[in-house]
Amino acid sequence: MTRAAEPVRVFADGALHGEIQQFYAWQVRLLDHGEAEAWADTFTEDGVFEEVTKGEALRGRRAIAASARARADAVAAEGVRRRHWFGMLDVRPQSDGTLHATFYALVMATPKGGGLSVYVSAEARDVLVPFDGTWLVRHRAVHHDAG
């Protein structure tokens, strides 16, 4: 009996995987604390943020920052605290020096004095590029589970 050849898998080593987890922990806290412009600065100047189920992609850091600012202001006005949780991170180095990262995301909402609810669950796929000792997102595609 012949075994089928297993697919080649090139995963990030433990150190790189940990570095990318730390990048995401830092990045998502910026968003959760309403630091929309700083969060947008974690994207390349020509970065793309695409919520696939919502249609039109945001192109460029300025557009990403403006959208994030509007969303952060709306959430603050509602008196809701949003938290993002990223897990099941899969990081794969590419031959051009970029990384392809895929993760699950939960966005939770807690109104003042209220209970926690899951606002959205999704899978995200990023292309990360090295920049000045850290990483920047060149392209993020978010696929909502309900979409």
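Residues numbered from 1 in each chain as written. Predicted model: local features only at pLDDT ≥ 70, side-chain atom pairs only at ≥ 80, totals over all residues. Heavy atoms only, no water.

## A word on the environment of valine 52
Note that valine 52 resides in the loop between β1 (43-51) and β2 (58-59). Separated by 91 residues in sequence, valine 52 and histidine 143 have C-alpha atoms that sit 5.5 Å apart. Those residues in contact with valine 52 that lie beyond four places of it in its chain are Ala141, Val142 and His143. (Helix = DSSP H or I, 4+ residues; strand = E, 2+ residues; numbered from the N terminus. Contact = heavy atoms within 4.5 Å.)

## Considerations on the sheet that holds strand β4 (residues 99-111)
Spatially, six strands are ordered β2-β1-β6-β5-β4-β3 in an open sheet, and the strand pairing comes out mixed. Both outer strands of the open sheet, β2 and β3 (80-93), are each paired with one neighbouring strand and no more. Against the sheet, helix α1 (residues 14-32) contacts β1, β3, β4, β5 (117-131) and β6 (134-144), and its axis sits at roughly 160° relative to β3. Contacting β1, β2, β3 and β6, helix α3 (residues 61-78) crosses the sheet at an angle of about 55° to β1. (Pairing = 2+ DSSP bridges. Axes fitted to C-alpha atoms, helices over the stretch in contact; angles between N-to-C directions.)

## Describing the side chain of histidine 144
Structurally, histidine 144 is set in strand β6. The class of histidine 144 is buried, set by a relative accessible area of 18%. Every residue in contact with histidine 144, bar those within four places of it in the chain, is listed here: Glu51, Thr53, Lys54, Val120, Ser121 and Ala122. (Buried < 20%, exposed > 50% of the residue type's maximum accessible area, 1.4 Å probe, protein only.)

## Some words on the nonpolar core
Most often, soluble globular proteins have nonpolar side chains that are buried together. Core analysis: the biggest nonpolar cluster contains 26 residues, and Ile20, Tyr24, Trp39, Leu89, Leu99, Leu128 and Trp135 have the highest contact counts within it. Elements represented by at least two residues in this core include exactly α1, α2 (36-40), β1, α3, β3, β4, β5 and β6. The biggest single contributor to this core is α1, with five residues. For tryptophan 135, the residues in contact, after removing those within four places along its chain, are Leu16, Glu19, Ile20, Phe23, Thr42, Gly97, Leu99, Leu128, Val129 and Pro130. (Core = buried A, V, L, I, M, F, W, Y, C linked by side-chain atoms within 4.5 Å.)

## Section: the layout of surface pockets
Each pocket or cavity is described by its volume, and for the largest pocket that value is around 650 Å³. For the lining of the largest pocket, the elements supplying multiple residues, two or more each, are α1, β1, α3, β3, β4, β5 and β6. Counting residues per element, the lining of the largest pocket draws most heavily on α3, which supplies seven residues. Looking at side-chain class alone, the lining of the largest pocket contains 19 nonpolar, five polar and seven charged residues. (1 Å grid on protein atoms, 1.4 Å probe; cavity = no way out; pocket = protein on both sides within 12 Å on 5 of 7 lines; lining within 4 Å. Points joined across faces, edges and corners; volume = space filled by probe spheres on them. Nonpolar A, V, L, I, M, F, W, Y, C, P; charged D, E, K, R; others polar.)

## Focus on a nonpolar patch on the surface
Taken together, the side chains of Trp85, Met88 and Tyr104 make up a nonpolar region of the molecular surface, amounting to roughly 380 Å² of accessible area. Tracing the chain through its elements places tryptophan 85 in strand β3. (Patch = residues over 30% accessible without salt bridge, like charges linked within 9 Å, V, L, I, M, F, W, Y side chains within 5 Å. Areas by Shrake-Rupley, 256 points an atom, 1.4 Å probe, with all protein chains shown as cover. Salt bridge = Lys/Arg side-chain N within 4 Å of Asp/Glu carboxyl O.)

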